[in-house]
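Reading the structure
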Amino acid sequence: MTANVASIDHRDQNLVTRPQAEATAPDAAPSRRAVWAGRVLSGLAVLFLTFDAAVKVLKLFPAEASTAELGFPTHLVPTLGYLQIACLVAYLIPRTAVLGAILWTGYLGGAIAIHVRVENPLFSHTLFPIYVAAFLWAGLWLRDRRVRALTASPSSQGR
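Residues numbered from 1 in each chain as written. Predicted model: local features only at pLDDT ≥ 70, side-chain atom pairs only at ≥ 80, totals over all residues. Heavy atoms only, no water.

Topic: the layout of surface pockets
For the largest pocket, the calculated volume is near 770 Å³. Surrounding the largest pocket, 29 residues form its lining, Asp-52, Lys-56, Leu-70, Ala-111 and His-115 being those nearest its centre. Elements with a minimum of two residues in the lining of the largest pocket: helix H2 (32–57), helix H3 (61–69), helix H4 (77–92), helix H5 (97–117), helix H6 (122–126) and helix H7 (128–143). Looking at the lining of the largest pocket residue by residue, the classes come out as 17 nonpolar, 9 polar and 3 charged. (1 Å grid on protein atoms, 1.4 Å probe; cavity = no way out; pocket = protein on both sides within 12 Å on 5 of 7 lines; lining within 4 Å. Points joined across faces, edges and corners; volume = space filled by probe spheres on them. Helix = DSSP H or I, 4+ residues; strand = E, 2+ residues; numbered from the N terminus. Nonpolar A, V, L, I, M, F, W, Y, C, P; charged D, E, K, R; others polar.)

As structure tokens, then:
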């Protein structure tokens, strides 16, 4: 009976120590190439979203016309632009980048719903926010070990 207790304790100890030893793999620092690829992907998305926010904040005609076409009052255009700027700031600060990506995902999800509601073309309009979100998340995944750890498979974490 003592041998059984010792073997159970031994197995429990292995279960506790093994995940800690193997969990370092997803936490490994990304390579320089991955970091730069992530910066490029994130940069492309950020450039587009900055342009889009600026057009809205400045109340330029294309922003007001497309917003009216989607069924929203044009006086909301600057508010949407400021909301985008807040999401961009959160995404661009390394400590809050994951929060920024989550906020952008919500904002872009709303854009998808709006395009579906007005029956815009699928690949050019409705799915475009998904393309932007994919660039944001892929860029973040390539350059941020925290996001890699969140998406690591259970087998790589020793479960």
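Thoughts on the pattern of salt bridges
The tally for this structure, following the rule as stated, stands at 2 salt bridges. Close ionic contact of Lys-56 with Asp-52 constitutes a salt bridge, the shortest N to O distance being 2.8 Å. You can see Lys-56 and its partner Asp-52 sitting in helix H2, 4 residues apart, about one turn around the helix. Asp-52 matches Lys-56 in its accessibility class, with the two residues each being buried. (Salt bridge = Lys/Arg side-chain N within 4 Å of Asp/Glu carboxyl O. Buried < 20%, exposed > 50% of the residue type's maximum accessible area, 1.4 Å probe, protein only.)

Thoughts on the packing of aromatic side chains
Note on aromatic pairs: each is described by the distance of the centres and the angle between the planes. The tally for this structure, following the rule as stated, stands at 3 aromatic pairs. Ring centres of Trp-104 and Tyr-107 lie 5.4 Å apart, and the angle between their planes is 85 degrees; on these two criteria the pair is classed as edge-to-face. Separated by 3 residues within a single helix, Trp-104 and Tyr-107 lie in helix H5, roughly one turn from each other. Tyr-107 carries the same exposure label as Trp-104, and that label is buried. Their ring planes at 85 degrees and their centres at 6.2 Å tell us that Phe-128 and Tyr-131 sit as a pair that is edge-to-face. With Phe-128 and Tyr-131 both in helix H7 and 3 residues apart, this pair spans about one turn of that helix. (Phe/Tyr/Trp six-rings, centres within 6.5 Å; stacked < 30°, edge-to-face > 60°.)

Section: H7
Over its 16 residues, H7 runs 23 Å from end to end, which matches the ideal 22 Å to within 8%, given 1.5 Å per residue. Listing the buried residues of H7 in full gives Pro-129, Val-132, Ala-133, Leu-136, Gly-139, Leu-140 and Leu-142. (Expected span 1.5 Å × (residues − 1).)

Function cannot be inferred from these measures alone, as they are strictly geometric.
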